[in-house]
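Letter by letter, the chains look like this.
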Amino acid sequence: VEAERSVVFEEWRQGRSAAGRSDEDYFQTLMGGSLYASRLPIGKLDVIQNAKPATVRGFYQKWYHPKRMAILAVGDFEKYAGGVEKVLEQIKTIFDIEPPHPWHEAQPPPFIHEAEPKVSIFSDSETTAAGVSVDCKRARQPVMDHKDYRRTITEHIFHEAMSARLYKLAVSEEPPFYSASTAISFPSSTMETMNLGLSMEEGEELSGLERALTEIERVRSLGFGSAEIERAKANLLCDLEADIAEREQMESDSFCSSFVEHFCRAEPAMGVEYEVTLCRTILEQISDEDVAAVSNCYDWSQNCVVKVTRPQAGFLKKMMGGGGPTVTVGDIKAVFARVRAHRSPLEAWEQGDCESFDDFILKQGVSAAGTIKSTVELEQLEATELVLSNGMRVLHKHTRFLDDEVQVKAFAYGGLSELDSKTKEPLLSCRMSTQIASELGAFGIAPAQLVDMMAGMRVTLNTDIGSYSRAFAGECSPNDLESLFQMVYLLFTCSVPAQHSKVATLLKMMREQVENQWRSPQYCFAHKVTQVNTSRNKYFDSLSPSDVDAVNVDLASAFYRKCFRDPSVFTLVIVGNFDKETLSNLLERYMAAIPRPSDTLLEMPDAFGLPALPRNQNDTKPIEQNFPTTHVHETLTKWMVDPLCCTQMTFPLRIEASSTELTDSMLLGHAMQVLESRLVEKMRFDRGAIYNVSASAEFSATHSAAGKPIVGSASVSFTCQPRDVATLAQVVVRELETLKKEGPTTTEVETRATISRREYETSVTYNSWWVDRLTTSFTIRYYSGDLQNSFAHIEKTRKTVLESLSPQTLQAVFMQHFEHTGTHTLVTLKPSLLTILASGIKVQLEALLGGRQVSLESVAVGGGAVLAVSAVLLFSAARLRRR
């Protein structure tokens, strides 16, 4: 118990972020009147620090009783000797024991009825965004029969339709909030709530809340439009079709979770086929009026709890009139009163006409179908490689891991590194090109309209522009593969005009986020780490509010269009359950139909002077990485609401270009995992100084051209008490020196090898793993036109490395890459002296007040005044002594 006390304290400390404090404050309001409000799961700090071992053992013996437990075993037992009978026998042998103490029946806490709304207004100097949450609470509703299940499905349809309506408001020309949605939540085993959550511009909390509440009242008075209900039902049916198609491929975890809910909360464990059949039947019986009636669960007069979270404006911002008006409990109640008063005269929701996705494609038109120029069967991979008439390369592999899933990923070389790094504006604007295109409609369709068009389809497609490449990736149901290819066609061919009015809200939101993120000590720490480890390279600079102000929307749009213009430089990987003939037809109809611009047009300079993007990896422009050549130790001291100390040690890595570079990088990955396990043992279990520690190597900014060294870094990160930083940093260096001198133990190596084998066995059963591995096989330096060779090289290297794992091989890795352990950076985030003093006073005050929360800011103001007076007295005394 004593050994774990400081570990649990460190876990408690990690939860004391702005989000953690906000959640705690709200939970106390939501669960007021019950023990849940005064005792969070991790426990009280006084108990963590002072509980006697006998008390902990007594709690364990009283409540960890067999009569409170269930054993759930799910798996392919028939594959093993003895089958299910053997598993049952082992369970009985291990768990059929006589409990040493009598059973105590726990009394479920009662549901606390609230006669009027309760409001929690949380303002914090480290909070980075404004938001409002409304919870209309009720006793937990059991699901015991078909009637109860029908209620849950009706509520699901309501939340789907309501959230879709709120989303349309959020992406409108003058949105009342940044985002909003409704859902059902389960804060405890005895309570559930109908939740409304919003985020908005700082200072607009009241107007945003009123607008969202008005929409719920509009539904209460006038109901939903039939099209809204149809779309919500279509989305649920789409999920049901996936469930039934993949019923034989469900993972054991899903079955286990279902049984856990059955044991803990008496939720029915029906099985997929029965539940899907029942849900389909019920959906046909649910009327539009049934769905609209769910709005009555949002009762603002009682059992209603409101949480308002907003950044606390600093002194200078308050002086300049920033931060918006103060929000009070009376303001929130006034909003409720106004909304109730407007129930009768509300006008109907303007739905507007929404054409189908097929009709939109038909109206846009598709170029004449192209052809498949060449086909190569890759027998070892059970895959096919194609080249289309427009130059796009396609690789497809059929699998049956999930019957209702197809995953795609495409990449092309050339990204942000091609921009002129000497001038900041192009890089800043182009960094935001993906978000700006998404706001405008990356596929030539407004976001709100696209959501309606895709109702009932399981299709996702996203784009990304990185340092050295650009890509698009997504997944779909086999039935929706044509729609996914249509979206890719639109991505390359549609026009996305730079409509500044539509982007204005996005830029305003981003500016506020950028401005407020500096409130977070953790963000400031991450920024400092990046600055130190890159020698303050401008390419890795964080955005500032003035950077957002300087974003050129036209430039960002032009760069985005340039990145997704030429299909001939893209390689498309497709993995999943598809019909090969259908796939070939769709590839010719849409992918091969994407027109390739002429070389002259591609090379022609544009109005912004954007560079031509390269066609292969050897022509990509490298990013300079200048890791410090000596030991650098920097400390970031910050005022914090709750004291927290974070540390990252970073060591430079360099793997020379050679035939063994892949082997070296894989061995390094295993070595870092061994180091992490060793540090957990030494720093947590031996010293009790941390809750967790991470160790990893990364090469994300490495230039991919052949013949170039692989440059990256190895980092060790942990949180601890400020007094332990120097000691724990020495522990890291000492363990690295020990691993260099003695190597890891045989047990450590065998454990790592076992984990690696298990991870691999699991990974190869996912389409996502195959997409990533096949993409890597194209981009690896060893690729020279034969995908099977590069894939085989990776696999052979993986097996060879795993077989060669030994204390000696990993010792050699540590000796090679950590030869000079003194060359590293050490960046530490520490609380200021005032933070530490105020925190100590706060703990004492809360103990005197019986656990009642005390604001650290108020303590700091008082403490600051005391320190100021003390400083004046000391200065006066020193002057007297000198005289």
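For the structure itself, consult the block above.
Trainee: Account for the sheet that holds strand β3 (residues 179-188), with residues named and values stated.
Mentor: The five strands lie next to each other as β1-β5-β2-β4-β3, forming an open sheet whose pairing is mixed. Two strands lie at the open edges of the sheet, namely β1 (118-124) and β3, each paired on one side alone. Across the sheet, the mean angle separating the axes of adjacent strands is 20° when strand polarity is ignored. Where β1 meets strand β5 (residues 304-311), seven bridges bridge the pair, whose relative direction is parallel. Across the sheet, the residue bridging to D124 is P311, located in β5. Each of β1 and β5 is contacted by helix α14 (residues 329-341), which is oriented at about 125° to β5, the strand it contacts most.

Trainee: Explain the side chain of S713 to me, and be specific about the residues and the numbers.
Mentor: For S713, the position within the fold is in strand β16 (residues 710-720). For S713, a relative accessible area of 13% corresponds to the buried category. The contact partners of S713, leaving out residues within four places of it in the chain, are T650, F651, L653, S696, A697 and E698.

Trainee: Account for the environment of S417, naming residues and giving values.
Mentor: Take S417: it is sitting in the loop between β9 (406-413) and α16 (424-431). Placed 303 residues apart in sequence, S417 and E114 show a C-alpha to C-alpha distance of 58 Å. Aside from chain neighbours lying at most four places away, what touches S417 is S467, Y468, Y539, K621 and I623.

Trainee: An account of the packing of helix α9 (residues 226-245) against helix α11 (residues 272-285) is requested, with residue identities and associated values reported.
Mentor: It is the contact of α9 with α11, at a shortest axis distance of 10 Å, that shows an interaxial angle of 160°. Taken together, the axis directions place α9 and α11 in an arrangement best described as roughly antiparallel. The interaxial crossing formed by α9 with α11 has left-handed handedness. Taking contact as the criterion, the partners of K233, L236, L237, L240, E241, D243 and I244 in α9 are, on α11, V272, E273, V276, C279, R280 and L283. A breakdown of the residues in the contact of α9 with α11 according to their chemical character gives eight nonpolar, no polar and five charged.

Trainee: A description of the sheet that holds strand β6 (residues 372-378) should follow, citing residues and the corresponding values.
Mentor: Picture the strands of a sheet paired through backbone hydrogen bonds; they go either parallel or antiparallel. The seven strands are arranged β6-β7-β8-β12-β9-β11-β10 in an open sheet whose pairing can be described as mixed. At either margin of the open sheet sits one strand with a lone partner, and together these are β6 and β10 (459-465). Neighbour-to-neighbour, the strand axes of this sheet turn through a mean angle of 15°, independent of strand direction. Against the sheet, helix α19 (residues 481-493) contacts β9, β10, β11 (469-476) and β12 (571-576), and its axis sits at roughly 30° relative to β10.

Trainee: Any chance you could break down unusual backbone geometry for me, citing the residues and the numbers?
Mentor: One non-glycine residue with positive phi stands out, namely E382, at about 55°. Relative to the helices and strands, E382 is located in the loop between β6 and β7 (383-388). The backbone phi angle of R536 is positive, close to 60°, even though this residue is not glycine. Note on placement: R536 falls in the loop between α21 (521-533) and α22 (545-549).

Conventions adopted
- Residues numbered from 1 in each chain as written.
- Predicted model: local features only at pLDDT ≥ 70, side-chain atom pairs only at ≥ 80, totals over all residues.
- Heavy atoms only, no water.
- Pairing = 2+ DSSP bridges.
- Helix = DSSP H or I, 4+ residues; strand = E, 2+ residues; numbered from the N terminus.
- Axes fitted to C-alpha atoms, helices over the stretch in contact; angles between N-to-C directions.
- Contact = heavy atoms within 4.5 Å.
- Buried < 20%, exposed > 50% of the residue type's maximum accessible area, 1.4 Å probe, protein only.
- Parallel < 35°, antiparallel > 145°, perpendicular 65-115°, else oblique.
- Left-handed = near helix turned anticlockwise from the far one by under 90°.
- Nonpolar A, V, L, I, M, F, W, Y, C, P; charged D, E, K, R; others polar.

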